[in-house]
Amino acid sequence: MFALLSRVYNILNPPEVKRGDVSDGDRPLKALNFGCLGAAKITPAALIQPARTHPEVFIYAVAARDATRAEAYAKKHGFEKSYGGPTAYQDLIDDPKVDVVYNPLPNGLHFEWTMKALKGGKHVLLEKPATNTAAEAAAIFALAARKNLVVLEAFHYRFHPAIQRVKAILESQELGAIKTISAALTAPRGTAPEGDIRWSYDLGGGSTMDPGCYTVNVLRYLASCNPTAVLTAKAVPYSSRPEHKQVDKMFWATLSLEKDIIGELHSNLDEPKIFGIIPRIPNLSAIVTCEGGTIEIFNFMIPHFYHSITISPVGKSRRVEKAYSFKGTAKGEDWWTTYRYQLEAFVDQVQGRAPQTWVDAEDTVANMKWVEAIYEKDGFGSRPASKYVFHEDAE
Ligand SMILES: NC(=O)C1=CN([C@@H]2O[C@H](COP(=O)(O)OP(=O)(O)OC[C@H]3O[C@@H](n4cnc5c(N)ncnc54)[C@H](OP(=O)(O)O)[C@@H]3O)[C@@H](O)[C@H]2O)C=CC1
Ligand SMILES: O=C1OC[C@@H](O)[C@H](O)[C@H]1O
């Protein structure tokens, strides 16, 4: 109990570190100025708080479509600079002091603004899901490779020791070959209120895109292979209104994977409350059934608050493990959030150090491919491709 309270206290009140330029042996390394597109809700948890404990990260600038909103957000979160108005996003990208662009815009705008940031010579920390389509994700990584820039799709949970411990147990063969993997993510009604970007088809909304993309990701990660087909898929629209015809509030899918693995996925972004008032405990579990037993992780998505890994080998006693840090084998503290571990890896990659782990181009493109394949199977169809046309030398 003390460990839990101490962890939560440190997550909410991380000890600030002195920030500035560093050196790696003889190599001087400049601290990175981050510029954030949009005054987004996720930015404080995903970047601003983690940055307070990263010696090489400055939260430098924010851009929002409304200047007053941009200024208020900058003041509240301690940004040095704000850009506001219709040209704000491009102005931020054009600021020579910005080294890295954080892109937490609605999914349907990820492609356009990541391409523009790369074109402007900036590294990009890109929120999940990377884009609306696999083709767009591939185009982003092709441009990043041509320009020698870093792009990371922010699947933050992958950087935390908890999910990596589950994968290590599976790879140790303690439980033998994997037979099935089921993964679910549910969120209580109100998480995405009416009018939220998640309910807009044009902005790349839908449950399969939002919590669902994590279920596709954890399936592929734990299986260490890709799906081969979507066997069944069913989705339920957010409402009967015409604009929600292709916007799912929940989905179920069964996929076959290489190595004879079956995957079962579910997400619900609008789970009704009990008696309309009591939120249900979210389902945040991944369960892997192997020839020699099962392993279940409760709360694979935000394990830093609390998680449990239950290993049940056939014929042996069950054990429960936790993994909040890498126990000295890699950087981190028990109270580091998934986002803090992710920031460490991202900065390492940009600064030319080897990150503890990574989500690479192939991984991101495959994830988008299978999100699209689920939408194709359930009849909701891919989210619309961006109308932005990239010209390498124009503009
Ligand atoms: N990693 C994680 O744990 C999480 C990731 N996410 C991801 O982050 C992204 C943003 O999510 P969230 O912070 O909840 O989003 P918000 O609802 O806060 O929207 C983000 C920003 O989008 C901008 N925007 C630009 N164009 C539009 C438009 N046409 N309509 C509405 N907003 C627009 C707004 O910027 P402006 O301020 O300029 O008006 C707004 O600040 C998504 O991709 C989501 O999947 C979200 C939650 C958790
Ligand atoms: O990334 C996310 O994680 C938590 C979810 O509730 C949220 O909708 C999503 O964007």
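The rules behind each value
Residues numbered from 1 in each chain as written. Chains lettered and ligands numbered in written order. Predicted model: local features only at pLDDT ≥ 70, side-chain atom pairs only at ≥ 80, totals over all residues. Near = placed C-beta within 6 Å. Nonpolar A, V, L, I, M, F, W, Y, C, P; charged D, E, K, R; others polar. Pairing = 2+ DSSP bridges. Helix = DSSP H or I, 4+ residues; strand = E, 2+ residues; numbered from the N terminus. Axes fitted to C-alpha atoms, helices over the stretch in contact; angles between N-to-C directions. Contact = placed C-beta atoms within 7 Å. Expected span 1.5 Å × (residues − 1). Buried ≥ 20, exposed ≤ 12 C-beta atoms within 10 Å, placed from the backbone. Parallel < 35°, antiparallel > 145°, perpendicular 65-115°, else oblique. Left-handed = near helix turned anticlockwise from the far one by under 90°. Right-handed = clockwise from strand over helix to strand, strands pointing away.

1. Brief notes about the site of ligand 2
Right, so step 1: Around ligand 2, the neighbouring residues are A187, T191, A192, D210 and P211.
Right, so step 2: Split by residue class, the shell around ligand 2 holds three nonpolar, one polar and one charged.

2. Things to note about the sheet that holds strand β11 (residues 248–257)
Right, so step 1: Pairing in this open sheet of eight strands is mixed, and the strands run β10-β11-β12-β9-β13-β14-β15-β16 from one edge to the other. Single-partner strands in this sheet number two, and they are β10 (227–237) and β16 (319–321). The sheet shows a mean angle of 10 degrees between the axes of neighbouring strands, direction not considered.
Right, so step 2: Alignment of strand β14 (residues 293–298) against strand β15 (residues 308–313), held across six bridges, turns out to be antiparallel. Looking at β15, one finds that T294 is bridged to S312.
Right, so step 3: Helix α7 (residues 161–171) contacts β9 (178–188), β13 (285–290), β14, β15 and β16 of the sheet and is inclined by roughly 175 degrees relative to β14.
Right, so step 4: Each of β10 and β11 is contacted by helix α10 (residues 361–378), which is oriented at about 60 degrees to β10, the strand it contacts most.

3. Some thoughts on helix α9 (residues 338–350)
An α-helix turns once every 3.6 residues. As a result, residues three or four positions apart point the same way.
Right, so step 1: A rise of 1.5 Å per residue sets the reference length of α9, with its 13 residues, at 18 Å; its end C-alpha atoms lie 18 Å apart and thus fit the reference within 8%.
Right, so step 2: Across the 13 residues that make up α9, a large majority, 10, are buried.
Right, so step 3: Three or more residues of α9 are buried, namely T338, Y339, R340, Y341, Q342, L343, E344, A345, F346 and V347.
Right, so step 4: The inward-facing, buried residues of α9 contact β3 (32–37), α2 (43–52), β4 (57–64), β7 (123–126) and β8 (151–153).

4. Brief notes about the packing of α2 against α9
Right, so step 1: For the pair α2 and α9, the least separation of the axes is 8 Å and the interaxial angle reads 70 degrees. Judged on the interaxial angle alone, α9 and α2 are roughly perpendicular. Crossing of α2 against α9: the hand is right-handed. Contacts between α2 and α9 pair A45, A46, P50 and A51 from the former with Y339, R340 and L343 from the latter.
Right, so step 2: Considered class by class, the residues forming the contact of α2 with α9 number six nonpolar, no polar and one charged.

5. Some thoughts on the pairing of β4
Right, so step 1: A large share of β4 lies buried, amounting to seven of its eight residues.
Right, so step 2: Sheet topology places β3 next to β4; six bridges connect them, and they run parallel. Opposite F34, over in β4, you have I59 as the bridge partner.
Right, so step 3: Running through α2, the crossover from β3 to the neighbouring parallel element β4 is right-handed.
Right, so step 4: Read as a crossover between parallel neighbours, the route from β4 over helix α3 (residues 67–77) to strand β5 (residues 81–84) is right-handed.

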